[in-house]
Amino acid sequence: MKLKMKWLLLTMVITITTVLTGCEPLLVLDPKGPQAKTQADDIMLSIWLMLGIVIVVLAILVFVLLKYRASKQPKDYEPPHIEGSPIVEAICIGIPIIIVIFLSIVSVKSNYEVEATPAGYEDQEPLVIYASSSNWKWHFSYPEENIETVNYLYIPEDRAIEFKLYSYGPITSFWIPQLGGQKYAMSDMVTTLHLAADQPGEFMGRNANFSGAGFAENTFEVTAMSPKEYMEWVEEVHATASPLTEEKFEELLEPGHLGRSTYTGTHLEFAPPPEHNHGSTDTDAKEDVDSEHLEEHETQDHSDHSSH
């Protein structure tokens, strides 16, 4: 019976090891941008710290069990009566307090970092993208380029991206694990998320907050490319894509799943985002920039109609 149990345990270990070797690395621990790198470092720091605590506690447990086991004591042994030990109590209380203080300082520092423009990109103007969700799709509006995409996102590498998040339905959560943490998108306010990709590649994005029957497929694709390739894509969109009309946008908002689609113009012109803007370090300046972009596009549209 013991031999069978040993073989069973050995088989389980080999099976688990084989399965894990075929797994891809966790996306949150495979960062492709400065914000994600900060968060991945915090996760690993917490893991190593907790692992160290577990190892120390287990080592002390083994030491105590071996040193003070009953078989080592005489039969007439009576343990001394101890009222308490200030040293032991200080260790048991002080070490957890020190650990909590240390993790709190690290967490607060990292929180300020990920809520600001990514490190190394402070001197450049960020690319502002409005990311809005509806059941069950994502709409990405580029006011600077005057284009809009559905369920996919193209961004230039080595440039700060400032996402303006809001929802046309229930609360959702915008999340690109390899670029940074998640942030909520709500119907009555705009929240700001700062990200950047420091290398080209394709990444997975999704809604990380349950929002109904279609939640599982509420995903989008992210492609980071060189600035030259990005501008070529923008030019291609203006040359080939259809304009986004108010009627078409209302159709896109209908609940359901859609594939990828691309349009010239944005819905910001006829369906502006909520007025309350929360989370931007330079909210007023950004709102002025966005307003200027919208006014320029509206003026251009009027000129085009007049010429026709």
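Quick caveat: nothing in here was measured; it's all calculated off a predicted structure.

S.K.: I would appreciate a short explanation of the sheet that holds strand β13 (residues 277-278) in the present structure.
M.R.: Across the sheet, eight strands lie side by side as β11-β12-β3-β2-β1-β5-β8-β13; this open sheet has mixed pairing. Every other strand in the sheet has two partners, leaving β11 (242-243) and β13 as the edge strands with one partner each. Here strand β1 (residues 127-134) pairs with strand β2 (residues 137-142) via five bridges, running antiparallel. Residue pairing in the sheet places Ser 134 in a bridge with Lys 137 of β2. Sheet strands in contact with helix α4 (residues 227-240) are β1, β2, β3 (147-150), β11 and β12 (261-264), and its direction is about 95° off that of β3.

S.K.: Explain the environment of Pro 273 to me, please; I cannot follow it from the model alone.
M.R.: Examined against the element boundaries, Pro 273 turns out to sit in the loop between β12 and β13. Spatially, the C-alpha atom of Pro 273 lies 9.4 Å from that of Tyr 168, the residues being 105 residues apart in sequence. Look past the residues within four positions of Pro 273 in its chain and what remains in contact with it is Tyr 130, Tyr 166, Val 190 and Leu 268.

S.K.: Just to check I follow, could you spell out the sheet that holds strand β10 (residues 219-225) for this structure?
M.R.: Paired through their backbone hydrogen bonds, the strands of a sheet run either parallel or antiparallel. Spatially, five strands are ordered β4-β10-β9-β6-β7 in an open sheet, and the strand pairing comes out mixed. With one partner strand each, in any of the chains shown, β4 (152-156) and β7 (183-185) form the two edges of the open sheet. Across the sheet, the mean angle from the axis of one strand to that of its neighbour is 25°, orientation sign disregarded. The sheet contact formed by strand β9 (residues 201-207) and β10 spans six bridges and is antiparallel.

S.K.: Mind showing me how you'd approach the packing of aromatic side chains here?
M.R.: The description of two aromatic rings rests on the distance between their centres and on the angle between their planes. All chains considered together, the criterion is met by 17 aromatic pairs. A ring pair is formed by Tyr 130 and Tyr 166, whose centres lie 6.5 Å apart and whose planes are at 75°; its orientation type is edge-to-face. You can see Tyr 130 sitting in strand β1 and its partner Tyr 166 sitting in strand β5 (residues 161-167), a full 36 residues away along the chain. Of the two residues, Tyr 130 and Tyr 166, neither departs from the other in class, the shared state being buried. With centroids separated by 5.6 Å and ring planes inclined at 65°, the aromatic side chains of Phe 210 and Phe 215 adopt a geometry described as edge-to-face. A relative accessible area of 60% means that Phe 210 is categorised as exposed. One aromatic cluster is present, formed by Tyr 130, Tyr 166, Tyr 168, Phe 249 and Phe 270 through successive ring pairs. Across from the ring centre of Phe 215, 5.1 Å away, lies the NZ or CZ of Arg 206, which sits over that ring. Between Arg 260 and the ring centre of Tyr 152, over which it is positioned, the NZ or CZ distance is 4.1 Å.

S.K.: Would you explain unusual backbone geometry in this entry?
M.R.: The phi torsion of most residues other than glycine is negative, and most of the peptide bonds are trans. Between Asn 135 and Trp 136 the backbone carries a cis peptide bond, its omega angle lying at -5°. The backbone of Asp 158 sits at a positive phi, close to 55°, despite the residue not being glycine.

S.K.: Can you help me understand the packing of helix α2 (residues 34-67) against helix α3 (residues 86-114) in this one?
M.R.: Any two packed helices are characterised by how steeply their axes cross, that is the angle between the axes, and by the distance between the axes. Put simply, α2 and α3 touch, their axes get as near as 9 Å, and they point 170° apart. As the angle between them shows, α2 and α3 are arranged roughly antiparallel. Between α2 and α3, the residues in contact are Gln 35, Thr 38, Gln 39, Asp 42, Leu 45, Ser 46, Leu 49 and Ile 53 and Ile 99, Phe 102, Leu 103, Val 106, Ser 110, Glu 113 and Val 114, respectively.

S.K.: Would you mind showing me how to read the confidence of the model for the chain here?
M.R.: Fine structural detail should not be taken from predicted coordinates in areas where pLDDT scores are low. Taken as a whole, the chain shows an average pLDDT of 86; of its residues, 84% reach a score of 70 or greater. Across residues 281-308 the pLDDT falls below 50, and counting only partners more than four positions away or on other chains, this stretch makes 24 contacts in the model.

S.K.: Just to check I follow, could you spell out the nonpolar core for this structure?
M.R.: The tendency in soluble globular proteins is for nonpolar side chains to be buried side by side. Core analysis: the biggest nonpolar cluster contains 31 residues, and Phe 163 and Phe 174 have the highest contact counts within it. When residues of this core are traced back to their parent elements, those giving at least two are β1, β2, β4, β5, β8 (190-195), β10 and α4. With sequence-adjacent residues up to four places away left out, Phe 163 is seen in contact with Ile 129, Ala 131, Leu 153, Phe 174, Thr 191, Thr 192, Leu 193 and Leu 195. Formed by seven residues, the second largest nonpolar core is a distinct cluster that contains Leu 252, Leu 253, Tyr 263 and Ala 271.

S.K.: Is there a simple way to think about the pattern of salt bridges in this case?
M.R.: Pairs can form between side chains of opposite charge whenever their charged atoms are close. On inspection of all chains with the given rule, the structure shows eight salt bridges. The salt bridge involving Arg 159 is made with Glu 144; its shortest N-O contact spans 3.4 Å. A residue pair is termed long-range when its members are at least 10 positions apart, and Arg 159 in the loop between β4 and β5 and Glu 144 in the loop between β2 and β3 qualify at 15 residues. The closest approach of N and O atoms between Glu 251 and Lys 248, which form a salt bridge, is 3.4 Å. Of the two residues, Glu 251 and Lys 248 are both situated in helix α5 (residues 246-252); the distance of three residues between them amounts to about one turn of the helix.

How each quantity is defined
Residues numbered from 1 in each chain as written. Predicted model: local features only at pLDDT ≥ 70, side-chain atom pairs only at ≥ 80, totals over all residues. Heavy atoms only, no water. Pairing = 2+ DSSP bridges. Helix = DSSP H or I, 4+ residues; strand = E, 2+ residues; numbered from the N terminus. Contact = heavy atoms within 4.5 Å. Axes fitted to C-alpha atoms, helices over the stretch in contact; angles between N-to-C directions. Phe/Tyr/Trp six-rings, centres within 6.5 Å; stacked < 30°, edge-to-face > 60°. Buried < 20%, exposed > 50% of the residue type's maximum accessible area, 1.4 Å probe, protein only. Lys NZ or Arg CZ within 6 Å of the ring centre and 35° of its normal. Parallel < 35°, antiparallel > 145°, perpendicular 65-115°, else oblique. pLDDT = per-residue confidence, 0-100. Core = buried A, V, L, I, M, F, W, Y, C linked by side-chain atoms within 4.5 Å. Salt bridge = Lys/Arg side-chain N within 4 Å of Asp/Glu carboxyl O.

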